[in-house]
Amino acid sequence: MALRNTKVSLSDISLRPFKESDLEDYMIIMNDNTASKFCTWNSMDKEEALNALLSVIYTHPWYRAICVKDRPIGYVSVNQGEGSDGCRAEIGYVVGSAYWGQGIATHALKMVISSIFSELQGLERLEALIDVDNLRSQRVAEKVGFIREGVLRKYWNPKGTPRDMVIYSLLKTDTPVPKKKKILCCIPV
Ligand SMILES: CC(C)(COP(=O)(O)OP(=O)(O)OC[C@H]1O[C@@H](n2cnc3c(N)ncnc32)[C@H](O)[C@@H]1OP(=O)(O)O)[C@@H](O)C(=O)NCCC(=O)NCCS
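The text that follows walks through the structure, step by step, so that each part is easy to find.

About the thresholds
- Residues numbered from 1 in each chain as written.
- Predicted model: local features only at pLDDT ≥ 70, side-chain atom pairs only at ≥ 80, totals over all residues.
- Heavy atoms only, no water.
- Pairing = 2+ DSSP bridges.
- Helix = DSSP H or I, 4+ residues; strand = E, 2+ residues; numbered from the N terminus.
- Axes fitted to C-alpha atoms, helices over the stretch in contact; angles between N-to-C directions.
- Contact = heavy atoms within 4.5 Å.
- Core = buried A, V, L, I, M, F, W, Y, C linked by side-chain atoms within 4.5 Å.
- Buried < 20%, exposed > 50% of the residue type's maximum accessible area, 1.4 Å probe, protein only.
- Salt bridge = Lys/Arg side-chain N within 4 Å of Asp/Glu carboxyl O.
- Near = heavy atom within 4 Å.
- Polar contact = N/O pair within 3.5 Å; in protein donor to acceptor, adjacent residues only side chain to side chain.
- Areas by Shrake-Rupley, 256 points an atom, 1.4 Å probe, with all protein chains shown as cover.
- Patch = residues over 30% accessible without salt bridge, like charges linked within 9 Å, V, L, I, M, F, W, Y side chains within 5 Å.
- Lys, Arg positive; Asp, Glu negative; His and termini not counted.
- Charge placed at Lys NZ, Arg CZ, Asp CG, Glu CD.

1. With respect to the sheet that holds strand E3 (residues 71-80)
Stage number 1. Pairing is mixed in the open sheet, where seven strands are placed in the order E1-E2-E3-E4-E5-E7-E6. The sheet terminates laterally at strand E1 (13-16) and strand E6 (147-156), the two strands that pair on one side only. Neighbour to neighbour, the strand axes of the sheet diverge by 30 degrees on average, direction disregarded.
Stage number 2. Lying on the sheet, helix H3 (residues 104-119) is in contact with E1, strand E2 (63-68), E3, strand E4 (88-95), strand E5 (125-131) and strand E7 (163-171); it crosses E1 at an angle near 40 degrees.

Pasting the structure below:
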């Protein structure tokens, strides 16, 4: 049974590669029309989902399920360039809409950022291309330290109409976003 509309504790979030047994959860993610509004796909039947898992995701160098208690509710992928483009990689992420607004994407991206520059050889720059109207995703990128560089006009055509995309980057040398400090007490003196 899929986990739905559940209040999530961030300590239950983990990232791991997809498994064939994740097919049902992967289909829920890929058939979420709210989540796919700014993405290339609308829906996926079982055969298409299995094919994507086996031929695209398993062979992908860096594609992780965002899990709650080990059940996938989204994904994050990092696509590093090759050769002279190997200094940069593009990050993509989706969280099922039933889980939005709980800090899950922010938490997952912080996990990625904490290790990706040491995991991927030669990586100096992580970039995110986000639709100008996708304010939620822009907010997530900014919360984890990405810098907004500008707008690429009519840059991407996911659903039949070319879209303006905001380009964000995070460099290996950028200062990490500090963890929130808990204020235990505040006694006026
Ligand atoms: C973008 C996405 C991953 C965010 O997931 P999430 O788990 O809800 O994100 P978080 O809860 O960590 O953070 C969301 C932030 O956006 C803010 N937000 C929500 N709606 C917003 C809006 N209309 N305008 C501005 N900010 C908004 C929230 O308030 C929150 O910020 P806060 O913590 O400062 O309050 C999710 O909405 C998603 O999967 N969308 C569809 C796929 C997608 O767009 N992927 C990105 C492509 S680059």
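What follows continues from the structure just given.
2. Details of the nonpolar core
Stage number 1. Counting 33 residues, the largest nonpolar core has Val78, Ile91, Ile116, Leu126 and Phe146 as its most contacted members.
Stage number 2. When residues in this core are grouped by element, the largest group, eight residues, is from H3.
Stage number 3. Excluding residues within four positions of it along the chain, Ile116 makes contact with Trp62, Val78, Leu123 and Leu126.
Stage number 4. In terms of nonpolar packing, the next biggest core, distinct from the first, is built from 19 residues, Leu23, Cys39, Ala52 and Tyr63 among them.

3. So, the pattern of salt bridges
Stage number 1. One pass over the full model with this rule turns up ten salt bridges.
Stage number 2. A salt bridge links Asp25 to Arg71, with the nearest nitrogen and oxygen atoms 2.7 Å apart. Note that Asp25 is positioned in helix H1 (residues 23-30) and Arg71 in strand E3, a separation of 46 residues in sequence.
Stage number 3. Accessibility expressed as a relative area gives 7% for Asp25, which makes it buried.
Stage number 4. The exposure class assigned to Arg71 is partly exposed, which follows from its relative accessible area of 24%.
Stage number 5. One salt bridge connects Glu127 with Arg125, and the closest N-O pair in it is separated by 2.7 Å.

4. Quick word on the site of the ligand
Stage number 1. Taken together, 20 residues lie near the ligand, and Tyr93, Val95, Thr106, Asn134 and Lys143 sit nearest.
Stage number 2. Taking Gly101, its main chain carries an N or O atom lying 2.8 Å from an oxygen atom of the ligand.
Stage number 3. Taking Thr106, its side chain carries an N or O atom lying 2.5 Å from an oxygen atom of the ligand.
Stage number 4. Taking 970 Å² as the accessible area of the ligand by itself, protein coverage stands at 75%.
Stage number 5. Of all the secondary structure elements, the ones that give two or more residues to the shell around the ligand are E4, H3, E5 and helix H4 (135-143).

5. Brief notes about unusual backbone geometry
Stage number 1. A positive phi angle is found at Lys69, which is not glycine, with a value near 50 degrees.
Stage number 2. Along the chain, the position of Lys69 falls in the loop between E2 and E3.
Stage number 3. Here Lys69 falls in the exposed class, since its relative accessible area comes to 61%.
Stage number 4. At Lys154, a position not held by glycine, the phi torsion is positive, near 45 degrees.
Stage number 5. Among the structural elements, Lys154 can be located in strand E6.

6. Some details on a positive patch on the surface
Stage number 1. Taken together, the side chains of Lys110, Arg139, Lys143 and Lys179 present a region of like positive charge at the surface.
Stage number 2. Mapped onto the elements, Lys110 comes out in helix H3.
Stage number 3. Taking relative accessible area as the criterion, Lys110 reaches 38% and is therefore assigned partly exposed.

7. Section: the environment of Lys154
Stage number 1. Overall, the relative accessible area of 58% leaves Lys154 in the exposed class.
Stage number 2. In this structure, the C-alpha to C-alpha distance between Lys154 and Met165, residues eleven residues apart in sequence, is 7.3 Å.

8. Some remarks on H1
Stage number 1. Most of H1 is tucked away, with six of its eight residues classed as buried.
Stage number 2. Along H1, the positions that sit buried rather than exposed are Leu23, Asp25, Tyr26, Met27, Ile29 and Met30.
Stage number 3. Against the buried residues of H1 lie helix H2 (46-57), E2, E3 and E4.

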